[in-house]
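# Notes for the structure review
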Amino acid sequence: MKRLAGWMLSSPATLAVSLFLIIPVAATISATFTSPGGTFAPYGEFFASGFQRTVLWRTFEVAAITTVISLILGLLTAYVVSRSPPWMKSVLVILAVFPLLTGVVVRSFAWLIILGRNGVLNNTLEWLGVIERPMALLYSQTSVVIALIYIFIPLMILVLIGVLENIPDDLLQASSSLGASPTATFLQITLPLATPGLIVGAVLVFTASFTSYATPHLLGGTRQMMMGTFLHQRAMVSFDWVSASTVAAIMVVVIVTTVLVMTRIAKRLNPMAS
Amino acid sequence: MTHRLTLSLATVSAAAILAATPALAQSRTFTVSWWGFNGDALQEIIIDPFQEMCDCEVIFETGNNSDRLSRLQLREGAGVDVIYLTDRFSQLGIELGLFQPIDRAQVPNIDEIYDLAQAPQGEYGPAYSIGRVGIVYNADEVEAPITSWDDLWREDLAGSVSLPGITTTAGPMVVLRAGARAGVDAYEDPDAAFAEVAEIVPNVLTNYNTGSEMINLFSTGEITVSMAQDFALGRLQAAVPSVVWADLEDGAIATLNTINIPTGSENVELAHQFLNFVLSAEIQQELAERGVDAPVNNGVDLTEEQAAPWTYGDEMIAGLNRMDYVPMNANLDDWINRWNEVFGM
């Protein structure tokens, strides 16, 4: 009876996920297996192209770099926030979340203004005498990574604050009283216990970066094409829906594989992590 | 309790009446798909008076050529009554079977427009405006004036050029100009044409996809030279007054902006009326004078100052290079792949 009630309670959510996620994704991907060239022909064509392999690798690279830097900066920030007095903690959390109150396009535009040839950074460096003429910073992989970190790091910080706050102070005090240095306590107690949060944060940032469209479009331009912008080109410009579906399917596979690998790593680092 | 119920019912009834009022006042909606460029002026010059004429509510779908055409394709030609596109994309729409022939008897003003605008793509939509693709540059930043398409390859322009993306109206024209530079027909010998495209890469900071993007690149100082359509010149010069239109000895390239009626239009008769309205001398005159679009109606008379930004007058129109979009569309997929290889690696 209890089991039946559980099924009934979860059925609306299951139905919604099936209707709005699983069925559309399955329908999109199924188109790639029924092309006239053969079952896997669109995938063969995708990987036969050096340009398309470059786009896939570039997207993976950008998402991975963004995730690693967000992990490091996010962990440090969340650690400081979680150890702050309650009144300061509220202020810091609001500051961390504040960028989420504006859209991705607005936040990307902000970086256009900062990194532009006549932007804040170039003007400051010129004023300080560090450079003689403005540098071309936009439309590069670096500018995309910087903007993605800025856009997605609040997600990482929020997840990690929750995890770090739940680590009992008793454990840290015990570690310290047994002679462990603050670094050893952090590495041997805090970090393993924060692993589930690190994995969740990493998955969120990696997935969002890997599938992002607006930021690579605005800050990377056409010369730094990524999977999101490439998918848009195939679907909305070339009207080649099979090719676009192939790109979408490859993105799904990369993301699912990454999530599985990260979960496995998490279990290894911390067997209690789910 | 009764009082609260009565109040709630009254509120709901009032909301229902308010919601129903516009539907009663305007019996039908008419959907226009266009770029969204110069929206305020177009609202005043075209939409407000047309709404009064047709007793309809005009609603919009905006976006660039490819996005809107793609959306129309997904809806199999439905959801829009008239669609503005450049001739490159309207040709694509025709090939995709998304447009219906125009009943020219219902659009008498077609007889008043330039011959080349009347039926640029056969029985389908006429051109309501004619434009040019050429080169614009910041005269304060570029030392030697730009006088030919080949100047885009000049070494002194390294890292300061923006080209239109291959998926825009003007993008494939880069390939054709590259072919001309190599002395070949780009349709016949794409290898040679794209070898020249590869030569220009060091000069290109990024490719743009919309006119607004290109204007932003100029105004933020990222670029000093670009290929552009003349309709963007006014806004570009407002943002950066030192930008000039290059006087090219090998001629600018003509673009015809068309209006078509999709196959799924629910207001075909009204769509023909709209076409006739937009092509009338009065509307064309006002659009030109207000800096919105170049006229195609022979009855439009502009002063030298008013005509300055436009492709206007027999001599200028005769000097334009024309494009054949049928072979271009046939080669486009190959060109997009080659372009991606050149710029995206």
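A brief report on the enclosed structure follows. (Residues numbered from 1 in each chain as written. Chains lettered and ligands numbered in written order. Predicted model: local features only at pLDDT ≥ 70, side-chain atom pairs only at ≥ 80, totals over all residues. Heavy atoms only, no water.)

### Re unusual backbone geometry
Residue and element names in this part refer to chain B. At aspartate 55, a residue that is not glycine, the phi angle is positive and equals roughly 50°. Of note, aspartate 55 is situated in the loop between helix H2 (39-54) and strand S2 (56-62). Note on aspartate 55: relative accessible area 41%, which makes it partly exposed. Residue glutamate 76 is not a glycine yet carries a positive backbone phi of 55°. (Helix = DSSP H or I, 4+ residues; strand = E, 2+ residues; numbered from the N terminus. Buried < 20%, exposed > 50% of the residue type's maximum accessible area, 1.4 Å probe, protein only.)

### Focus on the packing of aromatic side chains
All names here are of chain A. Counted under the stated rule, the structure contains 22 aromatic pairs over all chains. Aromatic side chains phenylalanine 46 and phenylalanine 47 sit 5.1 Å apart centroid to centroid with 75° between the ring planes, which places their arrangement in the edge-to-face category. Accessibility expressed as a relative area gives 3% for phenylalanine 46, which makes it buried. According to the relative accessible area criterion, phenylalanine 47 is partly exposed, its value standing at 37%. Pairing phenylalanine 206 with phenylalanine 210 gives two aromatic rings, centres 5.7 Å apart and planes at 20°, and the pair type is stacked. On the criterion of helical spacing, the pair formed by phenylalanine 206 and phenylalanine 210 is a turn pair, its members being 4 residues apart in helix H9 (residues 182-211). Its relative accessible area of 4% is what places phenylalanine 206 among the buried residues. Take phenylalanine 210: its relative accessible area is 0%, and that puts it in the buried class. (Phe/Tyr/Trp six-rings, centres within 6.5 Å; stacked < 30°, edge-to-face > 60°.)

### Regarding the pattern of salt bridges
All names here are of chain A. For the coordinates displayed, the defined rule picks out 15 salt bridges over all chains. Measuring nitrogen to oxygen at the nearest pair gives 3.2 Å for the salt bridge that ties aspartate 169 to arginine 83. Taken together, the residues span a long stretch of sequence, with aspartate 169 in helix H8 (residues 169-177) and arginine 83 in the loop between helix H3 (50-82) and helix H4 (86-97) at a distance of 86 residues. Judged by relative accessible area, aspartate 169 falls into the partly exposed class, the value being 43%. (Salt bridge = Lys/Arg side-chain N within 4 Å of Asp/Glu carboxyl O.)

### Side note on the state of the cysteines
All names here are of chain B. Taken as a whole, this structure holds 1 disulfide over all chains when the rule is applied. Disulfide pairing places cysteine 54 opposite cysteine 56 at an S-S distance of 1.9 Å. Taking the torsion about the S-S bond as the criterion, the cysteine 54 to cysteine 56 disulfide, at about -70°, is left-handed. (Disulfide = S-S within 2.5 Å.)

### Thoughts on the nonpolar core
Within the largest apolar cluster, 48 residues are counted, with the highest numbers of intra-cluster contacts made by Leu219 of chain A together with Val136, Met214, Phe218 and Leu236 of chain B. Elements with a contribution of two residues or more to this core: H3, helix H5 (104-115), helix H7 (141-165) and H9 of chain A together with strand S7 (204-208), helix H8 (211-219), helix H9 (233-239) and strand S9 (243-245) of chain B. With 14 residues, H7 of chain A is the single largest residue contributor to this core. The contacts of leucine 236 of chain B, once residues within four sequence positions are left out, are Val136, Met214, Ile215, Phe218 and Val243 of chain B. Of all hydrophobic cores here, the second largest spans 41 residues; its members include Leu42, Val82, Ile283 and Val296 of chain B. (Core = buried A, V, L, I, M, F, W, Y, C linked by side-chain atoms within 4.5 Å. Contact = heavy atoms within 4.5 Å.)

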